[in-house]
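Survey of secondary and tertiary structure
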Amino acid sequence: MALKRRTKRLLIAIILLLIIAPGAFALWLYREMRIPVSHTKSNDYIEIPRRSTPEGIVNKLVSDGVLRRKWPLLLYIKLTGSAKLLKAGEYRFPSPVTPFGVLQKLEEGEQRLSRFTVIEGWTHWDIADELAHMPELNLTDSKEALTLMDDTSGIHDLDPQAENLEGYLFPATYSYPPDTKPAAVVAGMVKRFKQEWTAERAEKARALGMTPRQIVIIASLIESEAKLKDERPMIASVIYNRLKKSVALGIDSTIIYASKLAGKWRDDGKVYLSDVNRRSRYNTRIYSGLPPGPVGNPGESSIDAALNPAQTDYLYYVRNPDRADGAHNFYNNSADFEKGVRALREWERTQGR
């Protein structure tokens, strides 16, 4: 009888162990998968090559300090069948991170991206120079980048007159994998412009009797002149009013652009008499009407201002010397404008400019 009782107790103990052990193991694994680990690699990319085994991935992450030990994550992967979901890539893991957080990133996939920002108003020369300084693009120099911008096939439907992509390289921050070709980066800027040139904007251009090219030219002039967003429609109104009266626009950025085209721009911030007198269709002090093409790459607010000019009778504007934010005073007659110019010159004299 005693033997039977001992045998019975042993069987009960074994049964209880078989019941409790998996639960205890599951609890341990659950806890281990959610313990955050601090590490020093949060700013580094860790490469997981193609065809890496789960054990190889976990061992690498342990050696880099992202995981404290390998067995919890490796067991979890094997028990859940997650191995087929793991993706190769270049990963940055935050610190601290749990093994479960590591697994989530490995299942989502991640690739290192380079970033490139086009500033509103930049010319295609500015953009080409910046692209030439992106080492992963392997460009010889800015001239090679400029050559890519001579391909206008991507905007031929919008602007069949375009000789290059000036005006259509949309200002934004672009992300791309390091192995992206320079031509694809440029194409991405054009694609973004075409996304921004919506059917609604195209219809507004038609209502104004303007082609997309003319709107982009006007927007590039606004971009070069306006510092404040709320002034852009006002500056647009001055441009439209002067065009209607066949009055030369007299915008300095077009003079600068003409000098850059001629290879004569001194790039010291000053407009010289030789610049002002340059016989170029881009010189809007000499020639009335719009310049032949955009003088930079306008952003969304300048494009919208060109499509939605304020309704004014203004023909002039000059910087307001009483403000330091780039604001302008606007005038509808030359006498008041000249007074504004004199006030600005006097302020510049007191500032030693």
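A brief look at the structure comes next. Everything quoted here is computed from the prediction, not taken from an experiment. (Residues numbered from 1 in each chain as written. Predicted model: local features only at pLDDT ≥ 70, side-chain atom pairs only at ≥ 80, totals over all residues. Heavy atoms only, no water.)

Following Ser95, the chain continues to Pro96 via a peptide bond in cis, the omega torsion being 0 degrees. Locating Pro96 in the fold gives a position in the loop between β2 (89-91) and α4 (99-108). Positioned with a positive phi, Arg51 is a non-glycine residue whose angle comes to about 65 degrees. Along the polypeptide, Arg51 turns up in the loop between β1 (46-48) and α2 (54-63). In this structure Arg51 comes out as exposed when scored by relative accessible area, which is 80%. At Asn138, a residue that is not glycine, the phi angle is positive and equals roughly 55 degrees. (Helix = DSSP H or I, 4+ residues; strand = E, 2+ residues; numbered from the N terminus. Buried < 20%, exposed > 50% of the residue type's maximum accessible area, 1.4 Å probe, protein only.)

Further remarks concern helix α11 (residues 252-261). Of the positions making up α11, those classed as buried are Ser253, Thr254, Ile255, Tyr257, Ala258 and Ser259. Elements that come into contact with the buried residues of α11 comprise α5 (124-132), α9 (212-225) and α12 (273-276). Where α11 ends, the next residue or the one after it, Gly263, has phi of about 70 degrees, a positive value. (Contact = heavy atoms within 4.5 Å.)

This part takes up the layout of surface pockets. Which parts of space are left empty comes out when a probe the size of a water molecule is rolled across the atoms. The calculated volume of the largest pocket comes to roughly 1,400 Å³. Around the largest pocket sit 47 residues that line it, and Ser224, Glu225, Ile251, Asp252 and Ser253 are the ones nearest its centre. Secondary-structure elements contributing two or more residues to the lining of the largest pocket are α9, α10 (232-244), α11, α12, β5 (316-319) and α14 (334-350). (1 Å grid on protein atoms, 1.4 Å probe; cavity = no way out; pocket = protein on both sides within 12 Å on 5 of 7 lines; lining within 4 Å. Points joined across faces, edges and corners; volume = space filled by probe spheres on them.)

This part takes up the pattern of salt bridges. The final tally for this structure, using the stated rule, is 19 salt bridges. For Arg112, the salt bridge goes to Glu90, with nearest N and O atoms at 2.5 Å. Of this pair, Arg112 sits in the loop between α4 and β3 (114-117) while Glu90 sits in strand β2; the two residues are 22 residues apart in sequence, bridging distant segments of the chain. Of the residues examined, Arg112 reaches a relative accessible area of 35% and is grouped as partly exposed. Close ionic contact of Glu348 with Arg345 constitutes a salt bridge, the shortest N to O distance being 3.2 Å. Of this pair, Glu348 and Arg345 both sit in helix α14, 3 residues apart, roughly one helical turn. Given the relative accessible area of 47%, Arg345 is considered partly exposed. Salt bridges here are not isolated pairs; linked through shared partners, they connect Arg192, Glu196, Arg201, Glu300 and Asp304. (Salt bridge = Lys/Arg side-chain N within 4 Å of Asp/Glu carboxyl O.)

Attention now moves to the side chain of Ser280. With respect to the secondary-structure elements, Ser280 resides in the loop between α12 and α13 (300-307). The exposure class assigned to Ser280 is buried, which follows from its relative accessible area of 14%. Among all residues touching Ser280, those that are not within four sequence positions of it are Ala258 and Tyr287.

Time to look at the environment of Thr98. Within the secondary structure, Thr98 is located in the loop between β2 and α4. Between the C-alpha atom of Thr98 and that of Ile35, which follows or precedes it by 63 residues, the distance is 5.4 Å. In contact with Thr98, other than residues within four places in its own chain, are Met33, Arg34, Ile35 and Pro36.

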